[in-house]
Amino acid sequence: IEPEAIAERLKEVALKENLTLADDGAMLIARIADGAMRDALSLLDRCSSVEGVIDSTAVAKSAGLAGREYIFDLCDSIIEKNPAKALEIVDRLYNDSCDMERLMSELVNHFRNIMIAKTTKTPDKFIVCTPDELERYKADAQNITYGSVLYIMETLCKESSQLKYSAHQRAHTEAVLIRLCSPELSTDTSAI
């Protein structure tokens, strides 16, 4: 089902349930549901505990999209070529019991979103995020070349598939991030 149709149906349901659903909240639910009306209604139900208006911020929190600041910070450290900052973030995440495989997967998706923001004029059709996050993706897309974003994505995809077999996932993740922050350390000529 098209996101616009789902959003319209959600607004009808919200009205009948005496919920105040903002347009941006309805659209974010629809995009998260990815064509599944049942998933959209389930997420709307989760959002019903929100007091006041159910906007994109409330939906993001209910859907678990909020709190991804650390991914943007890691991305910044890679773009800025700052391995010390990347290691500090990984250390903080590791101490908070962050799963390294999940972290790598989130980074792959994050750089995919930057690639989409760099490539298309309507990235909001392809990226599920809040409006503020979309603006950050667009800004990051301006600060990175196509070659760099593709190299980073390929490296992350390759290394994340090997990470599950590593006995030292933290060290593996740190090594990958240092290579991404310092392309000259890579033995692969595509890093340049």
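Criteria and thresholds
Residues numbered from 1 in each chain as written. Predicted model: local features only at pLDDT ≥ 70, side-chain atom pairs only at ≥ 80, totals over all residues. Heavy atoms only, no water. Helix = DSSP H or I, 4+ residues; strand = E, 2+ residues; numbered from the N terminus. Buried < 20%, exposed > 50% of the residue type's maximum accessible area, 1.4 Å probe, protein only. Areas by Shrake-Rupley, 256 points an atom, 1.4 Å probe, with all protein chains shown as cover. Lys, Arg positive; Asp, Glu negative; His and termini not counted. Charge placed at Lys NZ, Arg CZ, Asp CG, Glu CD. Contact = heavy atoms within 4.5 Å. Expected span 1.5 Å × (residues − 1). Arc of directions from axis to C-beta. Core = buried A, V, L, I, M, F, W, Y, C linked by side-chain atoms within 4.5 Å.

Explain the overall build of the protein chain here, please?
Within the protein chain one finds ten helices and two strands. In terms of its C-alpha atoms, the protein chain occupies a principal-axis envelope of roughly 60 × 35 × 25 Å. Counting the 192 residues in the protein chain, one finds 42% classified as buried. As displayed, the protein chain has an accessible area near 10500 Å², and 49% of this comes from carbon and sulfur atoms. In the protein chain, which carries 22 positive and 32 negative side-chain charges, the distance between the mean positions of the two groups comes to 3 Å.

Is there a simple way to think about the side chain of N113 in this case?
Summarising the element assignment, N113 is placed in helix α7 (residues 100–119). Setting aside residues no more than four positions away along its own chain, N113 makes contact with I127 and Y137.

Can you walk me through the environment of C157 in this structure?
Examined against the element boundaries, C157 turns out to sit in helix α9 (residues 146–163). Along the sequence, C157 and A175 sit 18 residues apart, while their C-alpha atoms lie 14 Å from each other.

Explanation requested: helix α1 (residues 3–16) in the structure shown.
Given 3.6 residues per helical turn, the α-helix brings residues three or four places apart onto the same face. Relative to the 20 Å expected for 14 residues at 1.5 Å per residue, α1 spans 20 Å between its end C-alpha atoms, a close match to the ideal helical length. Within α1, the full set of buried residues consists of I6, A7, L10, V13 and A14. Buried residues along α1 cover an arc of 125° about the axis, so they all sit on one side. Those residues of α1 that are exposed and angled more than 90 degrees off the buried face are L15 and K16. Where the residues of α1 are buried, they touch β1 (20–21), α2 (23–33) and α3 (37–47).

Is there a simple way to think about the nonpolar core in this case?
Soluble, globular proteins show a tendency: their nonpolar side chains are buried together. Ranked by size, the top nonpolar core spans 36 residues in total, and within it L74, L103, F111, I114, I152 and L156 carry the most contacts. Elements with a contribution of two residues or more to this core: α5 (69–79), α6 (83–95), α7, α8 (131–142), α9 and α10 (169–181). Discounting chain neighbours no more than four positions away, the residues touching I152 are I78, F111, I144 and L180. In terms of nonpolar packing, the next biggest core, distinct from the first, is built from 19 residues, L10, V13, L21 and A26 among them.

Got a minute to help me understand α2 in this structure?
For α2, the full list of buried residues reads G25, A26, L28, I29, A30, R31 and A33. Buried residues along α2 sit against α1, β1, α3, β2 (53–54) and α4 (56–63). At the C-terminal side of α2, D34 shows a positive phi close to 50°.

Looking at this structure, I do not really get the side chain of H110. What am I missing?
Inspection of the secondary structure assignment puts H110 in helix α7. Not counting the four nearest positions on each side in its chain, H110 is found in contact with I71, F72, C75, Y137 and D140.

Sorry, what's going on with the environment of T20 here?
Following the sequence through the fold, T20 ends up in strand β1. A sequence separation of 137 residues divides T20 from C157, and the C-alpha atoms of the two residues are 41 Å apart. In contact with T20, other than residues within four places in its own chain, are G52, V53 and I54.

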